[in-house]
Structure formats: structure tokens, C-alpha cells
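# Per-entry structural report
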Amino acid sequence: KRPAGAPDRSLARKVTKVGVVGAGLMASQMALLFARRLEVPVVLTDLDQARLDKGVAYVHGEIAKLLTKGRVSEDQANRLTSLVSGSLTKDAFADADFVIEAVFEDMAVKKQVFAEVEAVVSAECVLATNTSSLSLTEMGSGLAHPERLVGFHFFNPVAVMPLLEIIKGAATDDATLATAFAVGKSLKKSSVLVKDAPAFVVNRLLTCFMGEVVAAVDEGTPLETAEHALDGLGLPMTPFALLQLVGPAVGLHVAETLHEAFPDRYGVSENMGKLVASGKPGVYRPDFTLDPEAVALFAGG
Ligand code: 3HC
């Protein structure tokens, strides 16, 4: 059955090569998923060699885990490994038909990335953004071909979460949208078409929920209590563990975008700002014990 709002599948273009801009955790997870489900070459790019190497190594490590778990055969693992590569320049995208960016959440940075990508790809190559909250219409405003820009929003962890938000900007055409839905289907995600509105749909819900937990802590509830007081809601993760998975900087950015759009409905916690400024990955250490210094950033707020 065609998802609500999806154009006719016959308009979808074939995807034979994928480019991923950025080699952070989410980008690397996306690269693996594209290679595994589309079985086409996937090139990751990053400006920083160390980050690029780390991204490609992450993909190779995940393929090794799939092999150990018996999810892929040795032949499939070797093939997958050969499909994913890294490049420091976007020239490697010249023959790509689908390029997705997962770089820092900053409109100017994303516009710059797409300008560079447009300079090397064909006019028909789909440009997709994994933005968490930014306007598609504005992101496409400087493009030579804004009709091929589409939002393609994954959730962490990319391999596991079933939903994909597909966002149509003011200029996005039906062929682009049909290609996005066809790719989403090949990735075995359940795709929904969402309006180009601040933080789309899922991150609005997430921010309501997280915003209230953080506000309770800001108002003096001990962080440990706020974490455990929510165990009864049946969510798979505690709020601050989820914040750590998403990344405090991303969470803060989404909250700021929503606050700007709807100041009466969404607040921004100063203590969250302190956590992000501290550069800590979250309030937990890698062994999942609380980091007292990170927790102290909230104390007495
Ligand atoms: N990469 C790949 N696979 C992963 C993974 C990762 N980072 N983390 C977990 N998995 C896999 C495991 O390998 C395991 O797979 P298997 O059963 O095939 O072996 C499966 O997920 C379950 O993992 P675990 O048994 O280790 O742990 P849990 O059962 O606790 O599940 C979880 C972990 C899937 C992360 C679960 O806790 C969960 O669903 N959490 C909620 C996540 C969530 O809400 N995400 C949305 C965030 S919002 C967002 O991303 C939007 C952005 O714009 C802000």
C-alpha cells in the first residue's frame, strides 16, 4: 500500500550510488544501512581525515558484528565492506543519484554543503537532508535545483528505529518525493510524509517530553529521581539516556528551534546549555554511571 501523500512509485528514479556527507555516528549508521539494503556503493565524505577514518572503521566494525551474529554470510560481509568507502572530497559523488547530508545542525553549513554537492552531481541527483528541525524550504532556497531537495529524517539508532520522516519543501517535486519513498521502502523503514514545519512531528513530541523532564530538574528535582520517576511510562530508555543517545547539542538545537517558532509552548533550559558548553557527551559516563560533574551542572539551577 502506498503511504499517505506518496506520489506514484513509477516516478521514482533508480538509485545506483549513494553519497553521505559527514562521517559522524549517524552518518556512518546511515551509510551501512544504505549499503546493506540498497546493495549499491556508498561513499562517506568528511573534511577531517581522522573523523572519516573513524566513520569508515565504525561501519566495518558493525559489519563484523553482523557476521558474528550470523545476520550476514562471510561473502555478504566482504561485499558490504567493499561497498562502503570514504573520501575527503565531494568529487566522489559525481555519479551518485542520492546524496544525503548529516552534518552539524546549522542552516548556513547545510546550505554550503549542498552548494558544493550541486557543483559535482547531475541535475537529477536527489539531495536529502537528515536535519532534525530546520526548514526544508529555506535550505533549498539557494539551490540551482531546489525541486530535488527532500527531508529524510532518521532516528537513533538508525539500524533499529523503524520510522523515517520524509519532508517535502515548497519546491520538492514528485519524482524526488517518489524516489525518497522508494528508497525508504528499500531500507525497510516505515515512511511518513510530514509538513515542513519546525522540528517536523517526532522531535516536537520528544522535545515536549524531554523539556518537561529537564525543567523538573532545573526546578530542583534531583536528576537521579527524574530519571527513575519515569520508569513507569514504559519507554525503552530513561530521559537522560535518550538525551545522551541523541546528543545534548542536537537536543538543545531542536529545543531552540522550537522555542523560536513557538515561544509560549517550548522553553530552553539554561542548564542544558551548560551541559552542551561543557563538551560532555551527556550526564553518563561510557560505563553508564552518572558523571558527577555533568550532574552538578544541573544542581541548584
Ligand atoms: N546500532 C545498531 N544496532 C543497535 C544499536 C546501535 N547503536 N543499539 C542497539 N542496537 C540493536 C542491538 O544490536 C540489538 O539488535 P539484535 O536484537 O538484533 O541483536 C537491538 O538493537 C536491541 O539492543 P539491546 O538489546 O542492546 O538494547 P535494548 O533492547 O535496550 O534496545 C534501543 C536499545 C533500541 C536503543 C532501545 O533502548 C530504544 O529503542 N531506545 C529508544 C530510542 C529512541 O527513542 N530513539 C529516538 C531518538 S529521537 C532521534 O533520534 C531524532 C533526532 O533528530 C534527535
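If you're wondering where the values come from, they're calculated on a predicted model, not measured in any experiment.

## Brief notes about the site of the ligand
In the neighbourhood of the ligand, 14 residues make up the surrounding shell, with Ser132, Asn156, Pro157, Ala159 and Pro236 lying closest. At the level of elements, helix 7 (202–218) and helix 9 (239–246) are the ones that each hand at least two residues to the shell around the ligand. Per-domain counts for the shell around the ligand show at least three residues from each of domain 1 (9–194) and domain 2 (202–296).

## So, helix 9
Residues of helix 9 that are buried: Pro239, Phe240 and Leu243. All buried residues of helix 9 fall inside an arc of 95° around its axis, so they share one side. The secondary structure elements touched by the buried residues of helix 9 are helix 7, helix 8 (223–229) and helix 10 (248–261). The positive-phi residue at the C-terminal boundary of helix 9 is Gly247, with phi of around 105°.

## Focus: the sheet that holds strand 6 (residues 149–153)
If you walk across this open sheet you meet the 8 strands as 3-2-1-4-5-6-7-8, and the pairing is mixed. Only two strands of the sheet have a single partner each, and these edge strands are strand 3 (84–87) and strand 8 (190–194). The mean angle between the axes of side-by-side strands here comes to 25°, regardless of whether they run parallel or antiparallel. Its contacts with the sheet place helix 1 (residues 25–38) against strand 1 (18–21), strand 2 (42–45), strand 3 and strand 4 (98–101), and it is angled at close to 170° to strand 2.

## Remarks on helix 10
The terminal C-alpha atoms of helix 10 lie 20 Å apart, and with 14 residues this matches the ideal 20 Å at 1.5 Å per residue to within 8%. Buried residues of helix 10: Pro248, Gly251, Leu252, His253, Val254, Ala255, Thr257 and Leu258, and no others. The elements touched by buried residues of helix 10 are helix 7, helix 9 and helix 11 (270–278).

## A few points about the environment of Thr172
Among the structural elements, Thr172 can be located in the loop between strand 7 (163–168) and helix 6 (174–186). Looking at Thr172, the number of C-beta atoms within 10 Å reads 23, which means it is buried. Put simply, Thr172 and His259 are 87 residues apart on the chain and 26 Å apart in space, counted from C-alpha to C-alpha.

## Focus on the packing of helix 1 against helix 2 (residues 49–68)
Between two packed helices, both the angle of their axes relative to each other and the distance between the axes serve to describe the pair. In the contact formed by helix 1 and helix 2, the axes pass within 9 Å of each other and the chain directions differ by 50°. Compared by their axis directions, helix 1 and helix 2 come out oblique. Here helix 1 and helix 2 pass one another in a crossing that is right-handed. Seen from helix 1, the contacting residues are Ala27, Ser28, Ala31 and Leu32; seen from helix 2, they are Gly55, Tyr58, Val59 and Glu62. Here the residues of the contact of helix 1 with helix 2 are counted per class, giving 5 nonpolar, 2 polar and 1 charged.

## With respect to the pairing of strand 3
Along strand 3, the buried face is formed by Val84 and Gly86; none of Ser85 and Ser87, which line the opposite face, is buried. Where strand 2 meets strand 3, 4 bridges bridge the pair, whose relative direction is parallel. Following the sheet pairing, Thr45 is matched in strand 3 by Ser87.

## Digging into the environment of Ile166
Along the chain, Ile166 falls in strand 7. Residue class for Ile166 comes out buried when judged on the 24 C-beta atoms lying within 10 Å of it. Discounting residues that sit within four places of it in the chain, Ile166 has contacts with Val150, Gly151, Phe152, Ala180, Phe181, Gly184, Ser191, Val192 and Leu193.

## Regarding the nonpolar core
Here is a general trend for soluble globular proteins: nonpolar side chains tend to be buried in one another's company. One finds Val20, Met30, Ala31 and Val99 to be the most contacted residues of the largest nonpolar core, which totals 77 residues. When residues of this core are assigned to domains, at least three map to each of domain 1 (9–194) and domain 2 (202–296).

## Some thoughts on the domain arrangement of the protein chain
Looking at the protein chain, the domain boundaries give domain 1 (9–194) and domain 2 (202–296). One C-alpha centre belongs to domain 1, the other to domain 2; they are set 27 Å apart. Contacts between the two partners involve 8 residues from domain 1, matched on the other side by 8 residues from domain 2. Among the residues forming the side of domain 1 that touches domain 2, the class breakdown is 3 nonpolar, 3 polar and 2 charged.

Definitions and cut-offs
Residues numbered from 1 in each chain as written. Predicted model: local features only at pLDDT ≥ 70, side-chain atom pairs only at ≥ 80, totals over all residues. Near = placed C-beta within 6 Å. Helix = DSSP H or I, 4+ residues; strand = E, 2+ residues; numbered from the N terminus. Domains from an automatic or database assignment. Buried ≥ 20, exposed ≤ 12 C-beta atoms within 10 Å, placed from the backbone. Arc of directions from axis to C-beta. Contact = placed C-beta atoms within 7 Å. Pairing = 2+ DSSP bridges. Axes fitted to C-alpha atoms, helices over the stretch in contact; angles between N-to-C directions. Expected span 1.5 Å × (residues − 1). Parallel < 35°, antiparallel > 145°, perpendicular 65-115°, else oblique. Left-handed = near helix turned anticlockwise from the far one by under 90°. Nonpolar A, V, L, I, M, F, W, Y, C, P; charged D, E, K, R; others polar. Core = buried A, V, L, I, M, F, W, Y, C linked by C-beta atoms within 7 Å.

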